[in-house]
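Chain residues, written in single-letter form:
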Amino acid sequence: MLSNERILLVDDDQSLLDSSKRNLRRYFDVETALGPKEGLKVIAEREPFAVIVSDLRMPKMDGIEYLSWARKITPDSVRMILTGNADLETAIQAVNEGRIFRFMTKPCPIETLVNVLRLGIEQYRLITAEKELLEKTLKGSIRMLTDLLAMINPEAFGRSARTVKYACEVARQMGVEELWKIETAALLSQVGCVALPEETLKKRYSGDDLSSEEIRQFRSHPKIASDLLSHIPRLQEVAKIIEYQEKHYNGSGLPDDSSESADIPFGSRILKAVLDFDLLETRGLSRTAAMEEMKAQPGKYDPEAVSYTHLTLPTN
């Protein structure tokens, strides 16, 4: 058994916890917590646990509510209910709200409990192995794409690298929880530019006039990136953020659909503000002047995103 494959038993009966630990310690690395409050404290301070087993009937917080909170702290842990008051409705509620792996009744023979806990550990191994594989695939794919962009189109890579810090800080100030999606979207926002001539991008960034064909090519880059990323595991939402990075808050812009205001992905609204700020600054405007120009275009940006961009970024 791996060192992090520990089991946590949560019950409001100390004598039951003590006896369960004595019976199980020759098979597993077992820790106990007296009641749900202590149980939440233990997983917050000492997670990960492979398996969390909770009594159902506990004062102030029952096992279903406890495991629902536990899932937010340690989502990979396998959760189980052990109770002397089982009924079908409660079991269904436990599965739906707490994502319970097993629902066992007291008294539970030690042999049965050991077997179920072993199944829980196997489930935990599957979850963590899949997660590790996905993370390695994800990180590898992102690294490959950014390296490719840096090699083929340094102008585009430089722009994406600059906007990562801006986008993350704005998103953090706006209370975005899954910050990695905004960070990844900013980092990969220009990947579609691998299909564009570098000279076209230099003209775009400097404010020079583009031909109709160059305009068409440039407008296509968010969709190219989105189509590419949508096939990579866990990047579907990131792909959509990038696809809508040129969409205006009032519904104009690209893609040409009916989306507007709150219908546009939140991350896209942040990217639009940050990317345009970077573009204006690249063209020689001071940060103050860039922000004033953006504020002078009502309907183009999410007002909240522009406000936080203004508050977050230092001015000169």
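A brief report on the enclosed structure follows.

What counts, and where the lines are drawn
Residue indices follow the written sequence of each chain, beginning from 1 at its first position. At least 70 in pLDDT is required for a residue's local features to be given in this predicted model, at least 80 for side-chain atom pairs to be given and counted, and no such filter applies to totals for whole chains, interfaces and linings, which use all residues. Heavy atoms throughout the structure, all of them, feed into the side-chain values; hydrogens and water do not. Only a pair of cysteine sulfur atoms within 2.5 Å qualifies as a disulfide here. With a 1.4 Å probe rolled over the protein chains alone, any residue whose accessible area is under 20% of its type maximum counts as buried; one over 50% counts as exposed, and the rest are partly exposed. Only runs of H or I of at least four residues qualify as helices and only runs of E of at least two qualify as strands under DSSP, and these elements are numbered from the N terminus. Only strands that DSSP links by at least two bridges are regarded as paired with each other. The definition of a right-handed crossover adopted here requires that, viewed with the strands pointing away, the path from the first strand over the helix to the second runs clockwise. Definition of nonpolar core: a set of buried residues of the types Ala, Val, Leu, Ile, Met, Phe, Trp, Tyr and Cys, connected through side-chain atoms within 4.5 Å. Two residues form a contact once any of their heavy atoms are found within 4.5 Å. Polar contact is the term for a pair of N or O atoms within 3.5 Å; when the atoms are in protein, one must be able to donate a hydrogen and the other to accept it, and sequence-neighboring residues count only if both atoms are side-chain atoms. Think of a 1 Å grid over just the protein atoms. A cavity is a set of points where a 1.4 Å probe fits yet cannot get out, a pocket is an open set with protein on both sides within 12 Å along at least five of seven lines, and lining residues have an atom within 4 Å of a point. Grid points are joined across faces, edges and corners, and a volume is the space filled by probe spheres set on the points. The aromatic pairing rule takes the rings of Phe, Tyr and Trp, using the six-membered ring of Trp, and pairs them if the centres are within 6.5 Å, calling planes under 30 degrees apart stacked, those over 60 edge-to-face and the rest tilted. By definition here, charges over rings are those cases where NZ of Lys or CZ of Arg is within 6 Å of the ring centre and within 35 degrees of the ring normal.

**Topic: the state of the cysteines**
- Under the defined criterion, the tally for this structure stands at zero disulfides.
- Free of any disulfide, cysteine 168 has its nearest cysteine sulfur in cysteine 193, 19 Å distant.
- In this structure cysteine 168 comes out as buried when scored by relative accessible area, which is 9%.

**Brief notes about the pairing of strand β4 (residues 78–83)**
- Of all six residues making up β4, six are buried, and the element is well covered by its neighbours.
- A two-sided burial pattern is seen for β4, the buried positions comprising Val78, Met80 and Leu82 on one face and Arg79, Ile81 and Thr83 on the other.
- By the bridge criterion, five bridges tie strand β3 (residues 51–55) to β4 in an arrangement that is parallel. In the sheet register, valine 51 faces β4, and the bridge partner there is valine 78.
- Handedness of the crossover is the feature at issue here: the chain leaves β3, passes through helix α3 (residues 63–73), returns alongside β4, and the resulting connection is right-handed.

**Describing the nonpolar core**
- Ranked by internal contacts, the top residues of the largest apolar core, which has 46 residues, are Leu188, Leu201, Leu229, Leu235, Ile242, Ile270 and Met294.
- Here this core takes eight residues from helix α11 (residues 266–282), the largest share from any one element.
- With residues up to four places along the chain from it excluded, the contact list for leucine 235 reads Leu138, Trp180, Thr184, Leu188 and Leu229.

**A short note on α3**
- Taken together, the buried positions of α3 are occupied by Gly63, Ile64, Tyr66, Leu67, Ser68 and Ala70.
- Taking the backbone nitrogen of isoleucine 64 as reference, a side-chain oxygen 3.1 Å away marks aspartate 62 as the first, capping residue of α3.

**Some remarks on the side chain of serine 68**
- Topologically, serine 68 is positioned in helix α3.
- For serine 68, the side chain forms a polar contact with the main-chain oxygen of isoleucine 64, separated by 2.9 Å.

**A closer look at the environment of isoleucine 43**
- Within the element layout of this structure, isoleucine 43 appears in helix α2 (residues 35–46).
- According to the relative accessible area criterion, isoleucine 43 is buried, its value standing at 0%.

**Structural notes on empty space enclosed by the protein**
- One pass over the structure, following the stated rule, counts one cavity of 30 Å³ or more.
- Of the voids in this model, the largest cavity is the one considered here, and its volume is about 100 Å³.
- Together, Leu9, Val10, Asp11, Leu16, Leu17, Ser20, Val53, Ser54, Asp55, Leu82 and Leu113 line the largest cavity.
- Residue assignment for the lining of the largest cavity shows that the elements contributing at least two residues are β1 (6–11), α1 (14–24) and β3.

**Here we look at the packing of aromatic side chains**
- Applying the stated criterion across every chain yields a total of two aromatic pairs.
- Pairing tyrosine 27 with phenylalanine 28 gives two aromatic rings, centres 6.2 Å apart and planes at 45°, and the pair type is tilted.
- Seen in terms of ring centroids, tyrosine 166 and phenylalanine 277 are 5.7 Å apart; in terms of plane orientation they differ by 75°. Their pairing is edge-to-face. Placement of the pair is tyrosine 166 in helix α6 (residues 154–173) and phenylalanine 277 in helix α11, with a sequence separation of 111 residues.
- Looking at tyrosine 166, the relative accessible area reads 12%, which means it is buried.
- Here phenylalanine 277 falls in the buried class, since its relative accessible area comes to 1%.
- The positively charged end of arginine 102 is found above the aromatic ring belonging to phenylalanine 101, 4.2 Å away from the centroid.
- When the ring centre of tryptophan 180 is taken as reference, the NZ or CZ atom of arginine 234 above it lies at 5.2 Å.

**Description of the environment of aspartate 76**
- Structurally, aspartate 76 can be placed in the loop between α3 and β4.
- Between the C-alpha atom of aspartate 76 and that of glycine 120, which follows or precedes it by 44 residues, the distance is 11 Å.
- Leaving out residues up to four positions away in the same chain, aspartate 76 has contacts with Tyr124, Ile127, Thr128 and Lys131.
- Polar side-chain contacts of aspartate 76 include one of 3.1 Å to the side chain of lysine 131.

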